[in-house]
Amino acid sequence: MTAPKEGWKLKRDSLSKLLIYFKDGNVRTLWSLDWKHKYSKFIDRNIGLARLRKKVTEYGTKADAAIIYDKQTGNEIEKYFEGTPVNKDVNS
């Protein structure tokens with residue numbers, strides 16, 4: 001994916017999103033920043049995922065659950081409980 005003329009836009013061009021469910025009942029959605037600056041030539045999913053993982057670490061025990069989704073397919077990429085990664089059960 002190459003950069004649009006007007007630059008990358010957060011909701012439109014992000015490849016992933018993070019849903020955080022806080023212990024106080026609030027829910028927050030964060031979009032991945034998959035580029036180094038607004039006019040980067042290309043986007044990189046790994047940059048965005050690293051930034052989302054950093055946010056999960058920052059919120060840590062304040063959040064009950066945090067889930068990273070692929071924005072295009074809606075599939076779950078990673079899941080965290082109180083900042084700790086949760087392994088997916090392969091048999092279910």
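Summarised in this report is the structure supplied together with it.

Procedures and definitions
- Residues numbered from 1 in each chain as written.
- Predicted model: local features only at pLDDT ≥ 70, side-chain atom pairs only at ≥ 80, totals over all residues.
- Heavy atoms only, no water.
- Helix = DSSP H or I, 4+ residues; strand = E, 2+ residues; numbered from the N terminus.
- Buried < 20%, exposed > 50% of the residue type's maximum accessible area, 1.4 Å probe, protein only.
- Contact = heavy atoms within 4.5 Å.
- Areas by Shrake-Rupley, 256 points an atom, 1.4 Å probe, with all protein chains shown as cover.
- Pairing = 2+ DSSP bridges.
- Phe/Tyr/Trp six-rings, centres within 6.5 Å; stacked < 30°, edge-to-face > 60°.

## Some details on the overall build of the protein
Scanning the protein for helices and strands turns up two helices and five strands. Ordered by position from N to C terminus, the α and β elements of the protein give α-β-β-α-β-β-β. Taken along its principal axes, the extent of the C-alpha atoms in the protein is 40 × 30 × 15 Å. The 92 residues of the protein split such that 34% are buried. Considering only intrachain contacts with a sequence separation of at least 6, the fraction spanning at least 24 residues in the protein is 49%. Total accessible area computed for the protein in this model is approximately 6200 Å², and 52% of it derives from carbon and sulfur atoms.

## What to know about the sheet that holds strand β2 (residues 27–31)
Reading across the sheet, the five strands line up as β2-β1-β3-β4-β5 and stay open at both edges, with antiparallel pairing between neighbours. The open sheet has two edge strands with one neighbour each: β2 and β5 (84–85). As judged from the five bridges shared by strand β3 (residues 63–70) and strand β4 (residues 76–81), these two strands associate in the antiparallel manner. By the bridge assignment for β4, A65 is matched with F81.

## Concerning the packing of aromatic side chains
Two numbers describe a pair of aromatic rings. These are the distance of the centres and the angle of the planes. Applying the stated criterion across every chain, the model contains two aromatic pairs. When the centroid spacing of 5.7 Å and the interplanar angle of 20° are considered together, the rings of W8 and W35 count as stacked. Pair noted here: W8 is in the segment before α1 (10–13) and W35 is in the loop between β2 and α2 (45–59), with a separation of 27 residues, a long-range link. We classify W8 as buried; its relative accessible area is 4%. Both rings, one in F22 and one in Y59, keep their centres 5.2 Å apart while their planes meet at 85°; by these two values the pair is edge-to-face. Taken together, the residues F22 in strand β1 (residues 16–22) and Y59 in helix α2 connect sequence positions 37 residues apart. Residue class for Y59 comes out buried when judged on its relative accessible area of 15%.

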